[in-house]
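# Architecture at a glance
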Amino acid sequence: SCATLASLRPPTSMKRAAPDPHALAGWDPGAKDAEVEVECDALTGGHYRVSCAATERAWIGVRGRPGVVSGAYCFEVKVSDGLVRVGWSCGTASLSLGTDGEGFGFGGTGKKSHMGKFLSYGVAFGEGDVVSCCVDRRRREISFGVNG
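Notes on the structure in this doc start here. The structure displayed is predicted, hence computed values, not measured ones. (Residues numbered from 1 in each chain as written. Predicted model: local features only at pLDDT ≥ 70, side-chain atom pairs only at ≥ 80, totals over all residues. Heavy atoms only, no water.)

## Side note on the packing of aromatic side chains
Counted according to the given criterion, the structure contains 6 aromatic pairs. With centroids separated by 6.2 Å and ring planes inclined at 80°, the aromatic side chains of Tyr-73 and Trp-88 adopt a geometry described as edge-to-face. Here Tyr-73 is found in strand E5 (residues 72-78), whereas its partner Trp-88 is found in strand E6 (residues 85-89), with 15 residues between them in sequence. With 5.3 Å between their ring centres and 25° between their planes, Phe-106 and Phe-144 make a pair best called stacked. Residue Phe-106 is located in strand E7 (residues 103-107), and its partner Phe-144 is located in strand E11 (residues 141-146); the two are separated by 38 residues in the primary sequence. Residue classification places Phe-106 among the buried residues on the basis of a relative accessible area of 1%. Phe-144 gets classed as buried once you look at its relative accessible area, which sits at 14%. (Phe/Tyr/Trp six-rings, centres within 6.5 Å; stacked < 30°, edge-to-face > 60°. Helix = DSSP H or I, 4+ residues; strand = E, 2+ residues; numbered from the N terminus. Buried < 20%, exposed > 50% of the residue type's maximum accessible area, 1.4 Å probe, protein only.)

Structure follows, in structure tokens:
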């Protein structure tokens, strides 16, 4: 949970039930590598901004939520700096997307990844780009897009 200023809380008689933090879309602060910092939005209780401390490791990760078990879902990530890989995985997959059989990634080098195999897919992306990640469980499809 995130800290909020007491002066911003409504009087007890006006308090609403707190939102279930597991139902909010956003980043999961409980499923990340140590170098990742997830910022809490004090108004919603959600986690929408991520930053990373410098690291010697090749890749670090953070998992989003909620899980998608049916239907179709898309999210977008705006890249502020650095080399980024985005994608989909199950809860037990490596945070290094696409390196095992439980995750699918799309990286700034323009490569898609799954089971440690990296294949050309689309265009490279970087600072200022917006990357879309879509999954359609009915059609069993995952797709990625850049700036569109």
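Picking up where we left off.
## Comments concerning the sheet that holds strand E10 (residues 130-136)
Paired through backbone hydrogen bonds, the strands of a sheet run either parallel or antiparallel to each other. The strand order across the open sheet built from 3 strands is E5-E10-E11, with neighbouring strands paired in antiparallel fashion. Each edge of the open sheet is held by one strand with a lone partner, namely E5 and E11. In this sheet, neighbouring strand axes are inclined to one another by 15° on average, regardless of whether the strands run parallel or antiparallel. Two strands pair when backbone bridges link them, and E10 and E11 are joined in this way by 6 bridges, in the antiparallel orientation. Opposite Cys-133, over in E11, you have Phe-144 as the bridge partner. (Pairing = 2+ DSSP bridges. Axes fitted to C-alpha atoms, helices over the stretch in contact; angles between N-to-C directions.)

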